[in-house]
Amino acid sequence: MSTQVAEKEFLVLTSFDAGVLTITLNAAQNGNALTVAMTEALSTELEAIAHRRDVRCVLLRSSAKHFCTGGNVKDMQSGRDLMDGGIEAVRDRLLGSLHRITRALNDMEVPSVCAVNGAAIGAGFDLALMCDIRVAGQSAVFAESFLRLGLVSGIGGAWFLNRVVGPAKALEMTLTSEFIDAAQAERLGIVTRVAPDDRLDAETLALAQRIAAHPPGAARMAKRLVRESASASLPVALEMAASMQAILLCGSEHKEAVTRFIETRAAGKQT
């Protein structure tokens, strides 16, 4: 195995159980910074999910003190890694490296859950926003902090943050670059729940397992319907809902689920 391949495997760890694919950011030495090596390792794992039918839910987490601290400031200062070269080279590298993560998470058919511990800063915050559901540890902090470094979000954060908190709050968070804590993030709808730090992984995994327990075809359609309905007109949303429902009602997955539901209720009444 080459050193480069070994490094990528070390940066991102994966495990699979009962339909849940857990992807762990594993670069504690630099706060899981989104270096070229990290983005390539993570995007490779995310892109592979499109070819797997056994995955029912994706859980993104960190093994380090922080979820993700965004770009590596030392690399920015020295002009290394993502920042190497002139404007065109950096732009091409962003499109071909960082944006692979954005596209893979946004296009993912299966639901995704993110466990945020420690800091989710800059591009790290944007990475969390790309997941469908976010759970924060009690001590987690978030910031759209690019202006502190004279930058904007280069990974798509402006698009995602707008849709999570609305344009006015997205502008406030962007233009102040202020940090918010887990409780504030929950009030704003950035995270759906806050867990004690020592229970974050367990509670987030339990959530992912509950999602994965549902019929997978219906879950994929449900995710798409909710997301598409957010920007569709009511007639378009109704047409989409009717089409999806007809497909599911006539399918074996629905019939098997109904049978299980009835059998479970009957067993419950007998005990």
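Our subject in this report is the structure included herewith. (Residues numbered from 1 in each chain as written. Predicted model: local features only at pLDDT ≥ 70, side-chain atom pairs only at ≥ 80, totals over all residues. Heavy atoms only, no water.)

## Quick look at the overall build of the protein chain
When you go through the protein chain residue by residue, the secondary structure sums to twelve helices and nine strands. In terms of principal-axis extent, the alpha carbons of the protein chain reach across some 70 × 45 × 35 Å. Residue burial in the protein chain is summarised as follows: out of 271 residues, 41% are buried. Counted over contacts in the protein chain with a minimum sequence separation of 6, partners at least 24 positions apart contribute 69%. Taken as a whole, the protein chain presents about 14300 Å² of accessible surface, with 57% of it coming from carbon and sulfur. Placing the 28 positive and 30 negative side-chain charges of the protein chain at their respective mean positions leaves the two points 4 Å apart. (Helix = DSSP H or I, 4+ residues; strand = E, 2+ residues; numbered from the N terminus. Buried < 20%, exposed > 50% of the residue type's maximum accessible area, 1.4 Å probe, protein only. Contact = heavy atoms within 4.5 Å. Areas by Shrake-Rupley, 256 points an atom, 1.4 Å probe, with all protein chains shown as cover. Lys, Arg positive; Asp, Glu negative; His and termini not counted. Charge placed at Lys NZ, Arg CZ, Asp CG, Glu CD.)

## Focus: the layout of surface pockets
Empty space among the atoms can be located by rolling a probe the size of a water molecule over them. Its volume calculated, the largest pocket comes out at about 960 Å³. In terms of lining residues, the largest pocket is bounded by 31 residues, among which Asp132, Lys223, Val226, Arg227 and Glu228 are the most central. Elements with a minimum of two residues in the lining of the largest pocket: α4 (87–107), β6 (133–137), α6 (157–165) and α10 (216–229). At ten residues, the largest contribution of residues to the lining of the largest pocket is made by α10. Of the residues assigned to the lining of the largest pocket, the class counts are 18 nonpolar, three polar and ten charged. Approximately 550 Å³ is the volume found for the second largest pocket. Forming the boundary of the second largest pocket are 28 residues, of which Met76, Phe146, Leu151, Val152 and Gly154 lie nearest the centre. Put simply, the parts of the chain that give the lining of the second largest pocket at least two residues each are α3 (73–78) and α4. It is α4 that provides the largest number of residues to the lining of the second largest pocket, a total of four residues. (1 Å grid on protein atoms, 1.4 Å probe; cavity = no way out; pocket = protein on both sides within 12 Å on 5 of 7 lines; lining within 4 Å. Points joined across faces, edges and corners; volume = space filled by probe spheres on them. Nonpolar A, V, L, I, M, F, W, Y, C, P; charged D, E, K, R; others polar.)

## Focus: the sheet that holds strand β8 (residues 180–181)
Taken together, the three strands give an open sheet; going across it, the order is β5-β7-β8, and neighbouring strands pair in mixed fashion. Of all strands in the sheet, those with a lone pairing partner are β5 (119–121) and β8, marking the two edges. Here β5 runs beside strand β7 (residues 141–143); their pairing, made up of three bridges, is parallel. Directly across from Ala120, in β7, lies its bridge partner Phe142. (Pairing = 2+ DSSP bridges.)

## Description of the environment of Ile49
Of note, Ile49 is situated in the loop between α2 (36–48) and β3 (57–62). We classify Ile49 as buried; its relative accessible area is 4%. C-alpha separation for the pair Ile49 and Glu109, spaced 60 residues apart in sequence, amounts to 8.9 Å. The residues touching Ile49, leaving out its near neighbours within four places in the chain, are Leu21, Ile23, Val55, Val58, Met108 and Val110.

## Concerning the side chain of Ser145
Looking at the secondary structure, you find Ser145 in the loop between β7 and α6. Note on Ser145: relative accessible area 9%, which makes it buried. If near-sequence neighbours (up to four positions away) are discounted, Ser145 is found in contact with Ile121, Gly122 and Ser177.

Take it as geometry only, folks, not as evidence of what the structure does.
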